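Coordinate inspection notes
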Amino acid sequence: MDPSQIQDFHAHVYFGADTVDRARAVCEAARDRFGLPMGRMHERPVGPHPRWSCQLTVRPEQFGDVMAWLALNRDGLTIFVHPQTGDDLTDHSVHAIWMGELLPLDLSIFKEG
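Right, let's walk through the structure included here. (Residues numbered from 1 in each chain as written. Predicted model: local features only at pLDDT ≥ 70, side-chain atom pairs only at ≥ 80, totals over all residues. Heavy atoms only, no water.)

Strand order across the open sheet formed by four strands is 2-1-3-4, with antiparallel pairing between neighbours. Each edge of the open sheet carries a strand with a single partner, namely strand 2 (52-58) and strand 4 (97-99). Each strand axis lies, on average, 20 degrees off the axis of its neighbour in the sheet, ignoring direction. Sheet topology note: the strand 3 (residues 79-84)/strand 4 ladder contains three bridges and is antiparallel. By the bridge assignment for strand 4, V81 is matched with I97. Each of strand 1 (8-15) and strand 2 touches helix 1 (residues 20-34); the most contacted strand, strand 1, lies at about 155 degrees to it. The strands touched by helix 2 (residues 63-73) are strand 1, strand 2, strand 3 and strand 4; relative to strand 4, the strand with the most contacts, the crossing angle is about 30 degrees. (Pairing = 2+ DSSP bridges. Helix = DSSP H or I, 4+ residues; strand = E, 2+ residues; numbered from the N terminus. Axes fitted to C-alpha atoms, helices over the stretch in contact; angles between N-to-C directions. Contact = heavy atoms within 4.5 Å.)

Here we take up the nonpolar core. Ranked by size, the top nonpolar core spans 23 residues in total, and within it V13, L36, L56, L70 and I79 carry the most contacts. Contributions of two or more residues to this core are made by strand 1, helix 1, strand 2, helix 2 and strand 3. Here the element with the most residues in this core is helix 1; it accounts for six residues. Aside from chain neighbours lying at most four places away, what touches I79 is A11, H12, V13, L70, R74, I97, W98 and M99. Within the second largest apolar cluster, six residues are counted, among which are Y14, F80, L103 and L107. (Core = buried A, V, L, I, M, F, W, Y, C linked by side-chain atoms within 4.5 Å. Buried < 20%, exposed > 50% of the residue type's maximum accessible area, 1.4 Å probe, protein only.)

Bringing the packing of aromatic side chains into the picture now. Under the defined criterion, the tally for this structure stands at five aromatic pairs. Aromatic pair Y14 and W98: ring centres 6.1 Å apart, planes at 55 degrees, arrangement tilted. Of this pair, Y14 sits in strand 1 while W98 sits in strand 4, and the two are 84 residues apart along the sequence. You can call W98 partly exposed: its relative accessible area is 21%. (Phe/Tyr/Trp six-rings, centres within 6.5 Å; stacked < 30°, edge-to-face > 60°.)

This is the structure:
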């Protein structure tokens, strides 16, 4: 695949009831430092995600800097990162990048759609 097909990347910061404040701090710091759009703090699993999460949207030209920053500042949280190429199933499986714990996603929503 040609990397020019990547529209942007989604970094999903996973958290739970006991780590919501840490996740909010990481997401807000990344948003403020890099000017990233920050989604809602979903306090329930959404889409294919097995845990509560917050999405950060990263432009391709920011990817290296944001990934390096997240690697050093994720505060022990698991982060799932994937490109947006238009192929949701492949983006969430073959092209997936994990920081921290590797968790199973519910990819059936893409197979059915």
